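Per-entry structural report
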Amino acid sequence: MYAWIWRKLPFGLGGKLAGSVVLLGVLGALLWYVIFPWAEPLLPFDDVQVGDPDSGYTQLDETFPDPSGTPEPGDGHDIPYDTGETPAPTPSR
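Below, the structure is looked at part by part.

What counts as what
- Here the residue numbers are simple positions, counted from 1 along each chain's written sequence.
- Note on the predicted model: pLDDT of at least 70 is required for a residue's local features to be given, and 80 or more for side-chain atom pairs to be given and counted; whole-chain, interface and lining totals, by contrast, use all residues.
- Hydrogen atoms and water are omitted, and side-chain values are computed over all heavy atoms in the structure.
- Put simply, DSSP marks the helices as runs of H or I at least four residues long and the strands as runs of E at least two long, and each gets a number from the N terminus on.
- Residue exposure (1.4 Å probe, protein chains only): buried if accessible area is under 20% of the type maximum, exposed if over 50%, otherwise partly exposed.
- In this charge count, Lys and Arg are treated as positive and Asp and Glu as negative; neither His nor the chain ends contribute.
- Each salt bridge in this description consists of a side-chain nitrogen of Lys or Arg and a carboxyl oxygen of Asp or Glu lying within 4 Å of one another.
- Any N or O atom pair separated by 3.5 Å or less is treated as a polar contact, with the protein-specific requirement of one donor-capable and one acceptor-capable atom, and with residues adjacent in sequence counted only for side-chain atom pairs.
- Contact between two residues is taken to exist if any of their heavy atoms lie within 4.5 Å; hydrogens are not considered.

Some points on the side chain of Lys16
Structurally, the position occupied by Lys16 is in helix α2 (residues 12-39). One buried charged residue, Lys16, remains without a salt bridge, the closest side chain of opposite sign being Glu40 at 38 Å. Within the local environment of Lys16, its side chain forms a polar contact with the backbone oxygen of Trp6, the two atoms lying 2.7 Å apart. Aside from chain neighbours lying at most four places away, what touches Lys16 is Trp6, Arg7, Leu9 and Pro10.

In structure tokens form, the structure reads like this:
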């Protein structure tokens, strides 16, 4: 397909390069102003969820209650697992 387009463009190498740039610009404008606005409502880019209401985690101003009903200890920023101690580095040989 690209070879056919290249052969059909007129005016030698300079004209073919200029024609290719014009065709790319027309294709980009067609995508930008026609195809993408048409497809935008069909795509999930506006379906944003900040936080998870089921786990109680959120970045919103309102907080969701813990599903188990028990309050969490601390300020809610505790790591839910033991991180252990960091071992001392061994000297390199």
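Things to note about unusual backbone geometry
Backbone geometry follows two general trends: most residues other than glycine have a negative phi, and most peptide bonds adopt the trans configuration. The phi torsion at Phe11 lies on the positive side, around 75 degrees, for a residue other than glycine. Here Phe11 is to be found in the loop between α1 (2-8) and α2. Note on Phe11: relative accessible area 74%, which makes it exposed.

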